[in-house]
Amino acid sequence: MPASSSPTTRQILSTPTSDQLSTSDSRSDRKSSSTPLSGSIVPYDGWAVSYTSTEICALKGSTLEISCSYTYPSRGNDSDTRVEKTFWFTEQKDDEFVDLKTDRAYSGRVQHHCENNDCSLRITDLKKSDSAEYKFRFITNQPDGSLTGSPGVSLSVTDLQVKVSRSDVHGSFRWVELKCQSSCHPPGHPNYVWYRNGEKIKEGTSYSVISDPADSFSCAPSVYAPKLPSVSVSPSGEIVEGSSVTLTCSSDANPAANYTWYKNGNTDLRPLSEEPQLVFSSIQSSDSGQYSCLAENKLGKRTSESISINVKCE
């Protein structure tokens, strides 16, 4: 779960930055197709990796998800092609790709999920040192049948800054209008918590106040417990025994929520999954029942309404 840190503090006329949580913002919706890197010899057509976004800006302390899809020929060398490994990386050491799940710099902060040919990388509690180019790689059973999506996704992690948008002097005091800004531009109208000399004052997108020159001000994105989670089923429609089915749980929360899945309301039992998705690669009739997910962060938790899964025999 993302850790909380101290907000931006600003003396009037100075510009320190913030270590607080925020949401991430994608600057580009362009798609990028990959070509094989040297050392990844792919002798067939139809191999590709496409990223949803190729440039992303996110605030320090926030949670980010990077997504991609990949394709490959169904057969080669007179045999079916099978994907044996998928992973994300930012660097190579001794000519080896370093899986982010094994990178100590990302310990406990990354989750990698793949469903069919769609994969995502979730990074929590972003650090400025996370600014890098992220690449996805998959390896198959075919000789030299591996591919890295290059160029990858360029991530820039930045801080919040307190800016003086207006200022008027009244004797020994100054009236100022303050705004929270960064090089990232979150969608919508983000709400911030404002502090004066370390004390929480108000919430809002800006802050107007008569200030003593000795005052310091800080801002941080609002944090809140998870809202009612929603659950979706893919694919929709009739569920037949032996098919692949994925349940997805999502909840608006800051810090980002962690998820757990339960069947028939049995929250005292071991969770079925602790990921946003509950995946049945070959669902069985015994899997029929009521499913719900619990979204939780350090500020609270919320359980979704149950969804009914009815598996029909072939």
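Predicted model only: the values in this text are computed from it and were never measured. Each chain has its residues counted from 1, following the order in which its sequence is written. For a predicted model such as this one, the threshold for reporting local features is a pLDDT of at least 70, and the threshold for listing and counting side-chain atom pairs is 80 or more; totals across whole chains, interfaces and linings nevertheless cover every residue. By convention in this description, side-chain values take in all heavy atoms of the structure and omit both hydrogens and water.

Draft legend 1. Broad picture of the packing of aromatic side chains. Ring pairs are drawn from Phe, Tyr and Trp, using the six-membered ring of Trp, whenever the two centres fall within 6.5 Å, and their geometry is named by plane angle: stacked under 30 degrees, edge-to-face over 60, tilted for the rest. A full pass over the atoms with the stated rule returns 16 aromatic pairs. Look at Phe87 and Phe97: their rings are 6.4 Å apart centre to centre, the planes differ by 55°, and that puts the pair in the tilted class. One end of the pair, Phe87, is in strand E9 (residues 83-89); the other, Phe97, is in strand E11 (residues 96-97), with 10 residues separating them in the sequence. Accessibility here uses a 1.4 Å probe with only protein chains present; expressed as a share of the type maximum, an area under 20% marks a residue as buried, one over 50% as exposed, and anything in between as partly exposed. Exposure remark for Phe97: the relative accessible area of 23% places this residue in the partly exposed category. Judged by centre distance (5.8 Å) and plane angle (70°), the rings of Tyr207 and Phe217 are edge-to-face. Within this pair, whereas Tyr207 is found in strand E21 (residues 206-211), its partner Phe217 is found in strand E22 (residues 216-221), the two being separated by 10 residues in sequence. When sorted by exposure, Tyr207 lands in the same class as Phe217, which is buried. Following the ring pairs from residue to residue traces out a cluster consisting of Trp47, Tyr51, Tyr70, Tyr72, Trp88, Phe136 and Phe138. In this description a helix means any DSSP run of H or I spanning at least four residues, a strand means any run of E spanning at least two, and both kinds are numbered starting from the N terminus.

Draft legend 2. Structural context of the confidence of the model for the protein chain. The predicted model of the protein chain has a mean per-residue pLDDT of 80, with 84% of residues at 70 or higher. Residue range residues 1-44 is modelled with pLDDT below 50. Its contacts to residues more than four positions away, or to other chains, number 155 contacts. The predictor attaches a confidence to each residue, and that confidence, scored 0 to 100, is pLDDT. Whether two residues are in contact is decided by their heavy atoms, any of which lying within 4.5 Å being enough.

Draft legend 3. View of the state of the cysteines. Cysteine sulfur atoms are paired as a disulfide whenever they come within 2.5 Å of each other. Overall, the coordinates contain three disulfides when judged by the stated rule. Disulfide pairing places Cys180 opposite Cys219 at an S-S distance of 1.6 Å. Disulfide Cys180-Cys219: the torsion about the S-S bond is 115°, which places it as right-handed. A residue pair is termed long-range when its members are at least 10 positions apart, and Cys180 in strand E18 (residues 173-181) and Cys219 in strand E22 qualify at 39 residues. Considered together, Cys180 and Cys219 belong to a single accessibility category, that of buried residues. Left without a disulfide partner, Cys68 is nearest to the cysteine sulfur of Cys119, which lies 5.2 Å away.

Draft legend 4. Summary view of the sheet that holds strand E25 (residues 245-250). Read from one edge of the open sheet, three strands run E23-E25-E27, paired in antiparallel fashion. Two strands in the sheet have a free side with no partner beyond their single neighbour: strand E23 (230-234) and strand E27 (277-280). Sheet twist, expressed as the average angle between the axes of neighbouring strands with direction ignored, equals 15°. Pairs of strands are assigned from DSSP output, requiring at least two bridges between the strands. Note that E23 and E25 share five bridges and pair antiparallel. Residue pairing for E25: Val231 is matched across the bridge by Cys249. Lines fitted to the C-alpha atoms define the axes, with helices restricted to the stretch that makes contact. Angles between their N-to-C directions range from 0 to 180 degrees.

Draft legend 5. Layout of the sheet that holds E18. The three strands are arranged E17-E18-E21 in an open sheet whose pairing can be described as antiparallel. Each having just a single partner strand, strand E17 (161-170) and E21 make up the two edges of the open sheet. On average, each strand axis in the sheet is inclined to that of its neighbour by 20°, with strand direction left out of account. As paired elements, E18 and E21 share six bridges and run antiparallel to each other. Residue pairing in the sheet places Arg174 in a bridge with Ser211 of E21.

Draft legend 6. View of the pattern of salt bridges. The salt bridge definition used is simple: a Lys or Arg side-chain nitrogen within 4 Å of an Asp or Glu carboxyl oxygen. Scanning the entire structure with this criterion turns up 10 salt bridges. The shortest N-O distance in the salt bridge between Lys200 and Glu203 comes to 3.7 Å. Owing to a relative accessible area of 41%, Glu203 belongs among the partly exposed residues under this scheme. The residue Glu238 makes a salt bridge to Lys312 at a minimum N-O spacing of 3.0 Å. Linking Glu238 in the loop between E23 and strand E24 (239-240) with Lys312 in strand E31 (residues 311-312), this pair joins segments that are 74 residues apart in sequence.

Draft legend 7. Just the environment of Gly149, in detail. Its location among the elements puts Gly149 in the loop between strand E15 (146-148) and strand E16 (153-158). In this structure the C-alpha to C-alpha distance between Gly149 and Val49, which are 100 residues apart in sequence, comes to 5.1 Å.

Draft legend 8. Representation of the nonpolar core. Buried residues of nine kinds, namely Ala, Val, Leu, Ile, Met, Phe, Trp, Tyr and Cys, make up a nonpolar core once their side-chain atoms join them within 4.5 Å. By size, the foremost hydrophobic cluster in this structure holds 24 residues, and its most contacted members are Val49, Trp88, Tyr134, Phe136 and Leu155. Contributions of two or more residues to this core are made by strand E4 (48-51), strand E5 (55-59), strand E6 (64-71), strand E13 (118-123), strand E14 (132-140) and E16. Sequence-distant contacts of Leu155, that is, excluding residues within four places in its chain, are made with Ile56, Ala58, Leu64, Leu126, Asp130, Ser131, Ala132 and Tyr134. Core analysis: the second largest hydrophobic core is formed by 17 residues, Cys249, Tyr259, Ile283 and Ala295 among them.

Draft legend 9. The arrangement of unusual backbone geometry in detail. Cis geometry marks the peptide bond from Ser150 to Pro151, where omega comes out at 0°. Examined against the element boundaries, Pro151 turns out to sit in the loop between E15 and E16. In this structure, Pro235 follows Ser234 across a cis peptide bond, with omega equal to -5°. Structurally, Pro235 can be placed in the loop between E23 and E24. In the Ramachandran plot, Asp144 falls in the positive-phi region, its phi being about 55° despite a non-glycine side chain. Tracing the sequence through the fold places Asp144 in the loop between E14 and E15. Positive phi, close to 55°, is recorded for Asn197, a residue that is not glycine. The residue Asn197 is located in the loop between strand E19 (192-196) and strand E20 (199-204) in this model.

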